[in-house]
Amino acid sequence: MKKPILIAMCSALSLSVFSTGFTLSNASGKAEAYDHAVIITDNTKTVDYTKDKLAANGLELIAQMDDMAESEAYRSWMTASDEIDEIIDAIGQGDYTTPTAVYKAAITESLFDGEIELESSIADIVENKLVASIPTQLSALNGSTELAATACVTSKNAIADDSIENSMVYVYIYDGDYCAVVAYTVDNGVVSATASFVGSYDFADIESASDLNELFADSLGINVKFALVK
């Protein structure tokens, strides 16, 4: 893990240190993504994402983030910045029911890459923080304003699943201006998810899993192997 990325992680986390019990109703008229779109297409065949629990869970989180971005009441409560509000509003204009592709990667090696030696009492805790910050790290590459906007509509949840052993990253590619990234960490059978929108321009040239591998290596210093969720 490169030192600038650690700085970006701290900046990202500083914008996402709180959560709320704010409950949103879907007043947009759009159908919820998780109501019907877990069975979608990757432009070559139909994909049933219910077969992949984490992929389906990510769609639920993306739908929640979309609801937040669409809510004028929520936006006015979260920020007084017109610039940030405009970005969040633009996010809410997107249609996130049907990703063109979903990729996943297991994180099987430490993100510190031997540069930092942590005390054993905090090593796993910090490692999970690094993984959870991956979505916001990607957003941070686009500047502080974009990061602040996407941080306002991040979403998190946790599920119990003893079968998942490694931290995971899922990338949801969409045709619109924003894609989504969901990071999963594992702790004693509890799988915690952190989701964020990321500008589609970061993924404009992504046509395969190997393209994503290269993006993560070059931009974040993270070496992972993505695979298309089929």
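Heads up: the structure comes first, above all this text.
Calculation rules
- Residues numbered from 1 in each chain as written.
- Predicted model: local features only at pLDDT ≥ 70, side-chain atom pairs only at ≥ 80, totals over all residues.
- Heavy atoms only, no water.
- Salt bridge = Lys/Arg side-chain N within 4 Å of Asp/Glu carboxyl O.
- Helix = DSSP H or I, 4+ residues; strand = E, 2+ residues; numbered from the N terminus.
- Buried < 20%, exposed > 50% of the residue type's maximum accessible area, 1.4 Å probe, protein only.
- Pairing = 2+ DSSP bridges.
- Contact = heavy atoms within 4.5 Å.
- Axes fitted to C-alpha atoms, helices over the stretch in contact; angles between N-to-C directions.
- Phe/Tyr/Trp six-rings, centres within 6.5 Å; stacked < 30°, edge-to-face > 60°.
- Expected span 1.5 Å × (residues − 1).
- Arc of directions from axis to C-beta.
- Parallel < 35°, antiparallel > 145°, perpendicular 65-115°, else oblique.
- Left-handed = near helix turned anticlockwise from the far one by under 90°.
- Polar contact = N/O pair within 3.5 Å; in protein donor to acceptor, adjacent residues only side chain to side chain.

K.L.:
Which parts of the structure should I look at to understand the pattern of salt bridges?
P.N.:
Side chains bearing opposite charge may pair, as long as their charged atoms lie close to each other. Scanning the entire structure with this criterion turns up four salt bridges. A salt bridge links Arg75 to Asp85; its shortest N-O distance comes to 2.8 Å. You can see Arg75 sitting in helix H4 (residues 72-78) and its partner Asp85 sitting in helix H5 (residues 82-92), a full 10 residues away along the chain. Where Asp89 meets Arg75, a salt bridge forms, and the shortest distance between an N and an O atom there is 3.6 Å. Taken together, the residues span a long stretch of sequence, with Asp89 in helix H5 and Arg75 in helix H4 at a distance of 14 residues. Exposure remark for Arg75: the relative accessible area of 6% places this residue in the buried category. Each of the salt bridges in this network shares a partner with another, and the network as a whole consists of Arg75, Asp85 and Asp89.

K.L.:
How do you make sense of the pairing of strand E5 (residues 167-173) when you look at a structure like this?
P.N.:
Put simply, side chains in a regular strand alternate between the two faces of the sheet. The element E5 is largely enclosed, with a buried count of seven among its seven residues. Neither face of E5 is exposed, since Ser167, Val169, Val171 and Ile173 on one face and Met168, Tyr170 and Tyr172 on the opposite face are all buried. Bridge analysis of strand E3 (residues 101-107) against E5 gives seven bridges, and the strand direction is antiparallel. Each bridged residue has a counterpart across the sheet, and for Ala106 the counterpart in E5 is Met168. Count of turn residues in the E5/strand E6 (residues 178-187) antiparallel hairpin: four residues.

K.L.:
I would appreciate a short explanation of the sheet that holds strand E7 (residues 190-199) in the present structure.
P.N.:
Remark on secondary structure: sheet strands pair via backbone hydrogen bonds, oriented parallel or antiparallel. With antiparallel pairing, six strands are arranged side by side in an open sheet as E4-E7-E6-E5-E3-E8. In this open sheet, the two edge strands, each paired with only one partner strand, are strand E4 (155-160) and strand E8 (227-228). In the packing of helix H9 (residues 209-220) onto the sheet, the strands contacted are E3, E5 and E8, and the crossing angle to E5 comes to about 115 degrees.

K.L.:
Can you help me understand the packing of aromatic side chains in this one?
P.N.:
The geometry of an aromatic ring pair is captured by two quantities: the separation of the ring centres and the angle between the planes. Considering all chains together, one arrives at five aromatic pairs under this definition. Taken together, the aromatic side chains of Tyr96, Tyr174 and Phe197 make up a single cluster linked through ring pairs.

K.L.:
I keep staring at H9 and nothing clicks. Help me out?
P.N.:
Residues three or four positions apart in an α-helix share a direction because the helix packs 3.6 residues into each turn. If you check H9, its first and last C-alpha atoms are 16 Å apart, about what 12 residues at 1.5 Å a residue would give, namely 16 Å. If you check which residues of H9 are buried, you get Ala209, Leu212, Asn213, Leu215, Phe216 and Leu220. An end-on view of H9 places all buried positions within 165 degrees of arc, on one side of the element. Just past H9, the residue Gly221 takes up positive phi, approximately 70 degrees.

K.L.:
Which parts of the structure should I look at to understand the packing of helix H3 (residues 53-70) against H5?
P.N.:
If you want to describe how two helices pack, look at the angle between their axes and the distance between the axes. In contact at an axis separation of 7 Å, H3 and H5 are set at 130 degrees when each is read in the N-to-C sense. Compared by their axis directions, H3 and H5 come out oblique. Judged by the twist between their axes, the crossing of H3 over H5 is left-handed. In this structure, H3 contributes Asp66, Ala69 and Glu70 to the contact, and H5 contributes Ile88, Asp89, Ile91 and Gly92.

K.L.:
Can you help me understand H5 in this one?
P.N.:
For H5, every residue scored as buried is listed here: Ile84, Ile87, Ile88, Ile91 and Gly92. Seen end-on, H5 carries its buried residues on one side only, within an arc spanning 145 degrees. The exposed set on the far side of H5, more than 90 degrees from its buried face, consists of Asp82 and Glu86. Check the buried side of H5 and you find it contacts H3, H4, helix H8 (144-152), E6 and E7. Sitting at the head of H5, Ser81 places a side-chain oxygen 3.4 Å from the backbone nitrogen of Glu83.

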